[in-house]
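Observations on the three-dimensional arrangement
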Amino acid sequence: MNRSIPRRTFVQTVLGAAVAAGSGVAALLAGRYGLVPPDHGGVLGIGHTLTFGAQRLLLRKQPLAREFDRAQISTNFPALNTTLPEDPDYQRDMKQGFRDWRLIVDGLVARPVELSLADIRGFPSRTQITQHVCEYGWSAIAEWTGVPLSLVLNAAGVQPQARYVFFNCVDGWWDSLDMADAWHPQTLLAYSMNGQDLPVAHGAPVRLRVERQLGYKHLKYITAITVTDTAREWGKGQGSEGAEHGYSWYAGI
Amino acid sequence: MPEIAPLRTPGDVISEVVDDAVRHSLLVRVTHWLNSFVFLALVVSGAAILLAHPRLYWGETGAFGSPAWIELPLPLNLYQTGWGRSLHFLAAWISVLNGSIYVLSGIASRRFSDDSRKYTMSQRWAYLAVVFVLFPLMIATGLAMSPAIAALLPGLVSSLGGHQSSRTIHFLVTDVLLLFVFGHVAMVYLSGFRSRIRGMILGRPGRMETKERL
């Protein structure tokens, strides 16, 4: 060590360089392993990134959300936001029992498809009794039946570069999941609630269940599913319409 | 306060600090003020989140249309939770990291056991309860409300009595922490506000607070 450089300056420089290099490597690894959410920008984005990155590492073995007994099903389950879409095509489909309704699956898939409600009901189904946690603070337990999203994605043939699954809804709302939640066995396209056809107020004919995230990620009235390798081309690139209104894209907390 | 030159006679002990509680290491001072700042952010953002559903329940579930355990006399406001949640979790991260540094350094330096002569028994118990019971309880109940963490640690949620019980405990412990803060600030005020604040900023008693024994 050059004697003319004060020891303190030298130590500070080395520490500073180590922190900078460490942060750079951490950022590269985080990007490489999908630990950075699309709404990572800004001061509040630091919190979104820490939460998403930490939870992705903690949940890398894909634990299942808690499931409950039939006796615990809530008699009172509020329906928020859109409870009856105004879209005339939706209103017509609704009156016809969703006979002509179609769900589009496209994007980075080998075989883009349009699925009818009968097609979706034709897949192997999963039934789960889970707790819906609204970000407002209330929560309720219900039984959901639907097709695991992974089966629909596999039927369409997801390409290896896929990073997000985007959803469009009939009320104009849109959102996305990363592949960890898209492939999770409890992530359903649900068409049944508490043993009955999914009520219109709860998103008929098909809504998303993504049990390890808050209520606002459980999209209702889904019309299209698009697999992508980037979030940049949707809205402001933050991954969801909610993120543009201040609600974090990842809602595992 | 005018500075009065002390009278001295040979052999006197001079400048002995009577009040050594105002001596705090740099680490304690930095973590204290950072903690004060993020605690304020947590309370404000927590209140913003609470206003979206100012009702508390016991057990797993609860919603409008079901009986509440406590209905808080607060206005319903659904539009403050976006920034509220984002700020709450950013502040929670800083609070947890900052608190971990404080606790680990305190254990390493034996501060928690060596401070006994500076504080009364009731002060010691209050501080230890805040650091080792109430803050960990806030973290545990906060994490238990996360649907992802509930999947990872289902036993955490059931040991706290369920999702809504966790939310209720989170609120009640906040009230206890707020009472502690009021008591803490009142005691700082009563025991010499300027001296104490100076001690927590500069780490040493100010000249004017140095009592000299003659």
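Residues numbered from 1 in each chain as written. Chains lettered and ligands numbered in written order. Predicted model: local features only at pLDDT ≥ 70, side-chain atom pairs only at ≥ 80, totals over all residues. Heavy atoms only, no water.

On to the side chain of Asp-181 of chain A. All names here are of chain A. Here Asp-181 lies in helix H6 (residues 179–183). On the accessibility criterion, Asp-181 (1% relative accessible area) is buried. At a separation of 2.9 Å, a polar atom in the side chain of Asp-181 contacts the side chain of Arg-56. Sequence-distant contacts of Asp-181, that is, excluding residues within four places in its chain, are made with Arg-56, Thr-187, Val-210, Arg-212, Gln-213 and Tyr-250. (Helix = DSSP H or I, 4+ residues; strand = E, 2+ residues; numbered from the N terminus. Buried < 20%, exposed > 50% of the residue type's maximum accessible area, 1.4 Å probe, protein only. Polar contact = N/O pair within 3.5 Å; in protein donor to acceptor, adjacent residues only side chain to side chain. Contact = heavy atoms within 4.5 Å.)

Right, let's talk about the domain arrangement of chain B for a bit. All names here are of chain B. Each assigned domain of chain B is listed here: domain 1 (23–53 + 75–118) and domain 2 (120–193). For domain 1 and domain 2, the distance between their C-alpha centres works out to 11 Å. The interface of domain 1 with domain 2 comprises 16 residues on the first partner and 14 residues on the second. For the pair domain 1 and domain 2, the summed buried surface comes to about 1,100 Å²; carbon and sulfur atoms form 71% of the total. (Domains from an automatic or database assignment. Buried area = accessible area lost by both parts, 1.4 Å probe.)

Attention now goes to the nonpolar core. All names here are of chain A. Of all hydrophobic cores here, the largest spans 34 residues; its most connected members are Phe-167, Leu-189 and Ile-225. Those elements that provide at least two residues to this core are strand S1 (102–107), helix H4 (117–122), helix H5 (149–156), strand S5 (164–169), H6, strand S7 (188–193) and strand S10 (222–228). Among the elements that make up this core, the one with the highest residue count is H5 (four residues). Setting aside anything within four residues of it in sequence, one finds Ile-225 in contact with Leu-103, Ile-104, Val-105, Asp-106, Leu-149, Val-165, Phe-166, Phe-167 and Leu-189. Among the nonpolar cores identified, the runner-up in size contains 13 residues, and Phe-77, Trp-144, Ala-190 and Leu-198 belong to it. (Core = buried A, V, L, I, M, F, W, Y, C linked by side-chain atoms within 4.5 Å.)

Moving on: H5 of chain A. Residue and element names in this part refer to chain A. Those residues of H5 that fall on the buried side of the exposure criterion are Leu-149, Ser-150, Val-152, Leu-153 and Ala-156. Buried residues of H5, seen end-on, are gathered within an arc of 160° and therefore sit on one face of the element. Downstream of H5 by a residue or two, Gly-157 has a phi angle that is positive, lying close to 80°. (Arc of directions from axis to C-beta.)

All names here are of chain B. Closest axis-to-axis distance for the helix H1 (residues 26–50)/helix H8 (residues 193–202) pair is 7 Å, and the angle between their directions is 110°. One finds that H1 runs roughly perpendicular with respect to H8. Side by side, H1 and H8 meet where Val-28, Arg-29, His-32 and Trp-33 of the first sit next to Ile-197, Gly-199, Met-200, Ile-201 and Leu-202 of the second. Grouping the amino acids of the contact of H1 with H8 by side-chain chemistry returns six nonpolar, two polar and one charged. (Axes fitted to C-alpha atoms, helices over the stretch in contact; angles between N-to-C directions. Parallel < 35°, antiparallel > 145°, perpendicular 65-115°, else oblique. Nonpolar A, V, L, I, M, F, W, Y, C, P; charged D, E, K, R; others polar.)

Bringing H1 of chain B into the picture now. With 25 residues, H1 of chain B ought to run about 36 Å at 1.5 Å a step, and its terminal C-alpha atoms sit 35 Å apart, in line with that. Those residues of H1 of chain B not exposed but buried are Val-28, Arg-29, Thr-31, Val-38, Phe-39, Ala-41, Leu-42, Ser-45, Ala-48, Ile-49 and Leu-50 of chain B. (Expected span 1.5 Å × (residues − 1).)

Residues and elements named next belong to chain A. Burial of strand S4 (residues 139–148) is extensive: 10 of the 10 residues sit out of reach of the surface. Linkage of strand S3 (residues 126–133) to S4, two consecutive antiparallel strands, is achieved through a turn of five residues, within which Gly-137 is found at a positive phi near 135°. As judged from the five bridges shared by S4 and S7, these two strands associate in the antiparallel manner. Residue pairing in the sheet places Pro-148 in a bridge with Leu-188 of S7. (Pairing = 2+ DSSP bridges.)

Moving on: unusual backbone geometry. The bulk of non-glycine residues show a negative phi, and the bulk of peptide bonds are trans. Residue and element names in this part refer to chain A. A cis geometry characterises the amide bond from Ala-204 onward to Pro-205, with omega recorded as 5°. Within the element layout of this structure, Pro-205 appears in the loop between strand S8 (196–197) and strand S9 (207–209). One non-glycine residue, Asn-81, lies in the positive phi region at around 55°. Assignment of secondary structure puts Asn-81 in the loop between helix H2 (42–58) and helix H3 (88–95). Of note, Phe-98 is a non-glycine position whose phi angle comes to about 60°, a positive value. Within the fold, Phe-98 resides in the loop between H3 and S1.

Our next topic: the pattern of salt bridges. Residues and elements named next belong to chain A. Evaluated as defined, the whole model comprises 13 salt bridges over all chains. In this structure, the salt-bridge partner of Arg-92 is Asp-93, at a minimum N-O distance of 3.3 Å. When its relative accessible area of 40% is taken as the criterion, Arg-92 is described as partly exposed. Between Asp-100 and Arg-99 there is a salt bridge, and its shortest N-O distance comes to 3.5 Å. Assessed through its relative accessible area of 55%, Arg-99 is described here as exposed. Look at the salt bridges and you will find they share partners, linking Arg-56, Asp-178, Asp-181 and Arg-212 into a network. (Salt bridge = Lys/Arg side-chain N within 4 Å of Asp/Glu carboxyl O.)

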